[in-house]
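Listed below are the residues making up each chain.
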Amino acid sequence: MSILVLNGSPRIGGNTDVVLEHLREMAPENRNWIHLKLGRLKISPCTACDMCWNPEPCVFKDDMSKVFDILPESNLIIFASPIYWWNVTSYLKIVIDRLYPLASAKSPINLSGKKAAIVFVFADDDPTTADSANIMFDRIFEYLKLKDVGRLILPGLWKKGEAENEKVLEKIKDFSKKIFS
Ligand SMILES: Cc1cc2nc3c(=O)[nH]c(=O)nc-3n(C[C@H](O)[C@H](O)[C@H](O)COP(=O)(O)O)c2cc1C
């Protein structure tokens, strides 16, 4: 079984990358760690043509196929993103929109019962900065019947490199125990 990481940060070596690298080191060795850096993939935004609800394959033939190919074999999906304007980045939001066919009863991919976790990093010291993003995922997890196994909320991280500190590492360790158990 695989762990699928959907990383919405476009900043190479940024705070999300640092956190996810620590997390990868803590992941069980017998699990396949598949880290998709969404900023480096070519994924078109959903245009609401609704073909996928017919159900037909998505009209766009692009890198979203990587996500669809890996989802069935994944039993933990980690949604990771910096907070941009109180929500996830557009890179991650585009992927979330393209998960639309999975909400259909006719979908060949069923996420019901799979584990899901969240990683958010952001500059503000106030944890409520991630409220909108958290509420969005409350609804999405409930709708797709994903099992919420943990959320790593990391305020106070702005510039590149700020995630490299002991306090953050301790939080990552606690989080890893929850999501990998
Ligand atoms: C376009 C943009 C919007 C941002 N909006 C917020 C915000 O609403 N709240 C906040 O605390 N930080 C905000 N930030 C700061 C990032 O969340 C922060 O720099 C984060 O550490 C970047 O993560 P990364 O290095 O993994 O890309 C924003 C940054 C950018 C580039």
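This is a predicted model, so every value here is computed, not measured.

A. The packing of helix α1 (residues 15-26) against helix α5 (residues 166-179), seen in detail. Packing of α1 against α5 brings their axes to within 10 Å, and their N-to-C directions diverge by 45 degrees. Judged by the angle between their axes, α1 and α5 are oblique. Our pair here, α1 against α5, has a crossing hand that is right-handed. Counting all contacts with α1, which are made through Val 19, His 22, Leu 23 and Met 26, the residues of α5 involved are Leu 169, Ile 172, Lys 173 and Ser 176. Class assignment for the residues of the contact of α1 with α5 results in five nonpolar, two polar and one charged.

B. Structural view of unusual backbone geometry. In this chain, Asn 54 is followed by Pro 55 through a cis amide linkage whose omega measures 0 degrees. Inspection of the secondary structure assignment puts Pro 55 in the loop between β2 (32-37) and α2 (64-70). Not every positive phi belongs to a glycine, and Ala 48 is a case in point at roughly 60 degrees. Positionally, Ala 48 belongs in the loop between β2 and α2. Judged by C-beta crowding, with 8 C-beta atoms within 10 Å, Ala 48 ranks as exposed. Its identity as a non-glycine residue notwithstanding, Asp 50 has a phi of 65 degrees, on the positive side. Within the element layout of this structure, Asp 50 appears in the loop between β2 and α2.

Thresholds, definitions, all that
- Residues numbered from 1 in each chain as written.
- Predicted model: local features only at pLDDT ≥ 70, side-chain atom pairs only at ≥ 80, totals over all residues.
- Axes fitted to C-alpha atoms, helices over the stretch in contact; angles between N-to-C directions.
- Helix = DSSP H or I, 4+ residues; strand = E, 2+ residues; numbered from the N terminus.
- Parallel < 35°, antiparallel > 145°, perpendicular 65-115°, else oblique.
- Left-handed = near helix turned anticlockwise from the far one by under 90°.
- Contact = placed C-beta atoms within 7 Å.
- Nonpolar A, V, L, I, M, F, W, Y, C, P; charged D, E, K, R; others polar.
- Buried ≥ 20, exposed ≤ 12 C-beta atoms within 10 Å, placed from the backbone.

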